[in-house]
Amino acid sequence: MKVLVVGANGQVGKHLVKFIQETDDMEAKAMIRKEEQASYFKDLGAEPVIVDLEDDPENVAKAFEGADAVVFTAGSGPNTGPDKTMMIDLDAAVKTIEAAKSKGVKRYVMVSSFDTTREAIQSAPESFSPYVAAKHYADDWLRKTDLDYTIVHPGILTNDEGSGQVEAAETVERGEIAREDVARVLLETLKNKSTTGKEFQVVSGSKSIEDALKSL
């Protein structure tokens, strides 16, 4: 399986590409913005593809050629304004969903925010509500497609070493999760066909990732 990782140069993305390359029946195609980011992925044996997510949809779609699955783990980051949030977390996400459809890439895994319900938009702090709104509508766009999608809602991200132990369900109590564990959850999601058509929240817990996803 060739997996296109959108947002590969992010912290979750880097972990995920590494884990994919360590999996016998998978290989990664790493979507990045800059040539100088490519060496990390080349050293892992992954194929880097340089695409600006703010580019026109036709150029973004070219990166999907030859892929069997896509994981969207891109984000505007905490230090940008609402304009970049809308351009990356909503517009770029929709562009990649439409690119997957146009290129026949049926498997699509979305990394979302922990809670993207209408209630979460209304209760979020003013500075955070544009991000939640962007994720809300990107998630909804994906749900309305015929893609084999999974939407993953991780808790508060940390840079701690992953434990491989999580709690995953449609709703869980808000908590933290290591970025490394999010990447392992994404890898297991790609492996586990029973996650298709589902979405779940995930935080650190006491179950192995494999068992947690099997129990969804």
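Being a predicted model, the structure only gives us computed values, none of them experimental.

1. Some points on the layout of surface pockets
Its boundaries defined by the atoms lining it, the second largest pocket holds a volume of some 180 Å³. At three residues, strand S10 (residues 198-204) tops the list of elements feeding residues into the lining of the second largest pocket. When the residues that make up the lining of the second largest pocket are grouped by side-chain class, the tally is two nonpolar, six polar and four charged.

2. Notes on helix H4 (residues 82-102)
Here H4 spans 29 Å end to end across 21 residues, near enough to the 30 Å set by a 1.5 Å rise per residue. Restricting attention to buried positions, one finds in H4 the residues Thr85, Ile88, Asp89, Ala92, Ala93, Val94, Lys95, Thr96, Ile97, Ala99 and Ala100. Along its buried surface, H4 packs onto strand S1 (2-6), helix H3 (57-62), strand S4 (69-72), strand S5 (107-111) and helix H6 (129-143).

3. A look at the pairing of strand S8 (residues 165-169)
Walk down a regular strand and you will see the side chains alternate between the two sheet faces. Of the two faces of S8, only the one carrying Val166 and Ala168 is buried; Gln165, Glu167 and Ala169 on the other face are not. Pairing analysis gives two bridges linking S8 to strand S11 (residues 207-208), with the strands arranged antiparallel. Looking at the pairing, glutamine 165 lines up with serine 208 of S11. Here S8 pairs with S10 via four bridges, running antiparallel. Within S10, the residue paired with valine 166 across the bridge is serine 204.

Rules and cut-offs
Residues numbered from 1 in each chain as written. Predicted model: local features only at pLDDT ≥ 70, side-chain atom pairs only at ≥ 80, totals over all residues. Heavy atoms only, no water. 1 Å grid on protein atoms, 1.4 Å probe; cavity = no way out; pocket = protein on both sides within 12 Å on 5 of 7 lines; lining within 4 Å. Points joined across faces, edges and corners; volume = space filled by probe spheres on them. Helix = DSSP H or I, 4+ residues; strand = E, 2+ residues; numbered from the N terminus. Nonpolar A, V, L, I, M, F, W, Y, C, P; charged D, E, K, R; others polar. Expected span 1.5 Å × (residues − 1). Buried < 20%, exposed > 50% of the residue type's maximum accessible area, 1.4 Å probe, protein only. Contact = heavy atoms within 4.5 Å. Pairing = 2+ DSSP bridges.

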